[in-house]
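Tertiary structure, described
Here is what each chain is made of, one letter per residue.
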Amino acid sequence: MSFHKFELDGNGFVFNLLHLLWLQDPIFKNNILIDIPDTIQIIQGQPHFWYYSQNSQLFRKSKSKLNLEDIQKSFLANNNEICAVWITQNTIYEYLSPQQLQNLISSINFETMGILQRFIYPKNVNNQVLKCTWGNSICFFESITNKYPINSNRADIYQKAVTFEMPNGPIISSTLKGTMLSQKLELLCGTIASHVANVTQSQKQISQMEIYCKLASNDRLYLLQCSRLKTLNSNQRLFQASFQITSKISKQMINYPKPLKLSNNTQCVGCDKERNEIDFNKVKLKDIINGWDKNEDKQQPKLIKQKKSIVWQVNPSTTQIVKIEQNQQIPKIIKILYPKLQLKEFLDLKGNIFFMNQSIQLCSTCCTNILYRQDGEQAWNQKIIINKTAAQRLKTEQPDEVKKLIPVETTRNKRELYYKYMENKTLNDYTRKRLSGAISWNSEQFKQTPSLIMENKSINAISIFKTTQSSRQGINNYLQIE
């Protein structure tokens, strides 16, 4: 049998090594003694190979057992908190609870490709993996231990299970101490290399190998995976295997100094996004209402018309007329908590101490936007509903307040807004004085006025756009419509 075309060299998860370990040694007529967890290769949404071990004997499931129902039943039999590990082709690891395993199996489609492996609980209190780098002239052993106990109820499964998959995670890496485990690992690597050479009739001889093992609670040494393998006379250049954690879990959350539940996300009332428990803060309703009122005072809207429940107002940053309903003068968070609350009832409740001292949980983003934001544009957009016909400038009878407004174009850049405002104000002031006869016509002065203002932009901007409270009040005074 020819093994020259058999691909054995590679990085990541070298699954083809299990094929050779499963074969019987043709010279000694025996099988290799090795323990591995249940490892299933899924290609195009279908299980192709399922290897497992019993009493250090390596077996492979028949085709009749290669179905998702039997896989789910077998992996959920032990009823452990962590039942499996899902490994994609890019060596991205995802630890699965029983519920997450069921969700994964139900979502498998034609494009699903990866390796599903049973999670082995360690012998020690913390999850520990042994890394062995083996070669013809070198053998190096390393121990990678997680900081959190594997049976901790406070820590998430990723916080207490990650080891080599996250080099900068909550782990401790050190050289393996002691001779007993070192001798077992060295013997295991030598046995694997010898068995592969005998099975392939010396067509494949391992020269370099990197494996990860785990000492289980039953005192058996399990081979988890081979992450790097190179044979003799191979021109393939091997690199250090790169492992990653699934992007579903934030690495910053895993490195959080305290144990927490990463998967128990809660939906925020303010932004309708799922956040972790550490992102939530208690906020009183009076703080929300006070922040809303302060934002409303900054806008300084001018009443144009009032009819029944409709109030016409002018947006200070534009020359548009908008209309708002009375119910939309209630803060957004209050409307979500009390959808049937009317404006009159809301004004009465503002004097109720028990109502104002109620606390709710909001994410840090919502707390920042509600309590500490300086730009009132977002608050204005949340409070108004622009009517398409009324939002345009009125071509017929316009109130006197609208005629006095200076047409400044809207922009999100405060500096550009200030420059445009000053240019328009200068032109309007000059035109008003010219029409009233206060000054005589001077074309050269009219042409030089905008350029003089533009030359002094940087000088004015230095004192206006600093991040200080006085400068923010200064820009509000400059942008205030007279």
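Residues numbered from 1 in each chain as written. Predicted model: local features only at pLDDT ≥ 70, side-chain atom pairs only at ≥ 80, totals over all residues. Heavy atoms only, no water.

Attention now moves to the overall build of the protein chain. Within the protein chain one finds 17 helices and 20 strands. Within the protein chain, buried positions represent 41% of all 482 residues. Summed over its atoms, the accessible surface of the protein chain is roughly 28,000 Å², and 48% of this surface lies on carbon and sulfur atoms. (Helix = DSSP H or I, 4+ residues; strand = E, 2+ residues; numbered from the N terminus. Buried < 20%, exposed > 50% of the residue type's maximum accessible area, 1.4 Å probe, protein only. Areas by Shrake-Rupley, 256 points an atom, 1.4 Å probe, with all protein chains shown as cover.)

The next thing to look at is the environment of K230. When you line up the elements, K230 lands in strand β12 (residues 221–231). Taking C-alpha positions, K230 is 9.6 Å from G135, a pair spaced 95 residues apart along the chain. Sequence-distant contacts of K230, that is, excluding residues within four places in its chain, are made with D9, Q205, I206, S207, Q208, Q236 and L238. (Contact = heavy atoms within 4.5 Å.)

Another aspect to go through is the environment of F140. Topologically, F140 is positioned in strand β9 (residues 139–149). With relative accessibility at 39%, the residue F140 sits in the partly exposed group. For the pair F140 and E186, spaced 46 residues apart in sequence, the C-alpha separation works out to 9.0 Å. Filtering out sequence-adjacent residues up to four positions away, F140 remains in contact with K131, C132, T133 and T175.

So, on to the pattern of salt bridges. A complete count under the given rule lists 6 salt bridges for this structure. Note that D35 is salt-bridged to R220, the shortest N-O span being 3.7 Å. With D35 in the loop between α1 (16–22) and β2 (39–43) and R220 in the loop between β11 (206–215) and β12, the pair connects residues that are 185 residues apart, well separated along the chain. Given the relative accessible area of 29%, R220 is considered partly exposed. Of the charged contacts, one joins D219 and K123 as a salt bridge, the two residues approaching to 2.9 Å between their closest N and O atoms. Pair noted here: D219 is in the loop between β11 and β12 and K123 is in the loop between β7 (114–118) and β8 (126–135), with a separation of 96 residues, a long-range link. Classification of K123 by relative accessible area gives partly exposed; the value is 46%. Each of K131, E210 and R228 takes part in one network of salt bridges that share partners. (Salt bridge = Lys/Arg side-chain N within 4 Å of Asp/Glu carboxyl O.)

The strand order across the open sheet built from 6 strands is β1-β12-β11-β8-β9-β10, with neighbouring strands paired in antiparallel fashion. Edge positions in the sheet fall to β1 (10–11) and β10 (171–175), since each has one partner strand and no second. Of the strand pairs in this sheet, β1 and β12 are connected by 2 bridges, and their pairing is antiparallel. Opposite G10, over in β12, you have L229 as the bridge partner. Across the face of the sheet, helix α5 (residues 180–199) comes into contact with β8, β9, β11 and β12 while running at roughly 135 degrees to β11. (Pairing = 2+ DSSP bridges. Axes fitted to C-alpha atoms, helices over the stretch in contact; angles between N-to-C directions.)

One open sheet holds the 7 strands; their spatial order is β4-β3-β2-β7-β5-β6-β13, and the pairing between them is mixed. Of all strands in the sheet, those bounded by a partner on one side alone are β4 (57–60) and β13 (244–245). The sheet contact formed by β2 and β7 spans 4 bridges and is antiparallel. Among the inter-strand pairings, T39 is bridged to a residue of β7, identified as Q117. Strands in contact with helix α2 (residues 68–75) are β2, β3 (46–54), β5 (84–88) and β7; relative to β3, the strand with the most contacts, it is inclined by about 35 degrees. Helix α3 (residues 98–106) contacts β5, β6 (92–96) and β7 of the sheet and is inclined by roughly 120 degrees relative to β6.

It is worth spelling out the side chain of E165 at this point. Inspection of the secondary structure assignment puts E165 in the loop between α4 (157–161) and β10. Buried E165, no salt bridge; nearest opposite-charge side chain is K214, N-O distance 7.3 Å. Within polar-contact distance, the side chain of E165 engages the side chain of Y95 at 2.3 Å. At 2.7 Å, the side chain of E165 forms a polar contact with the backbone nitrogen of T163. (Lys, Arg positive; Asp, Glu negative; His and termini not counted. Polar contact = N/O pair within 3.5 Å; in protein donor to acceptor, adjacent residues only side chain to side chain.)

The residue K29 is not glycine, and still its phi comes out positive at about 55 degrees. Here K29 shows up in the loop between α1 and β2. Its identity as a non-glycine residue notwithstanding, N233 has a phi of 60 degrees, on the positive side. On the basis of relative accessibility, which here comes to 81%, the residue N233 falls in the exposed class.

β12 sits mainly inside the fold: 10 of its 11 residues count as buried. Bridge count between β11 and β12: 9 bridges; the pairing is antiparallel. Its bridge partner being in β12, I211 is matched across the sheet by C226. Where β11 folds back onto β12 in an antiparallel hairpin, the turn is made up of 5 residues, including D219, whose phi is positive at roughly 65 degrees.

This brings us to the environment of Q225. With respect to the helices and strands, Q225 occurs in strand β12. When its relative accessible area of 4% is taken as the criterion, Q225 is described as buried. Considered as a pair, Q225 and I36 are 189 residues apart in the sequence and their alpha carbons are 8.6 Å apart. Side chain to side chain, Q225 and Y93 meet in a polar contact 2.5 Å long.

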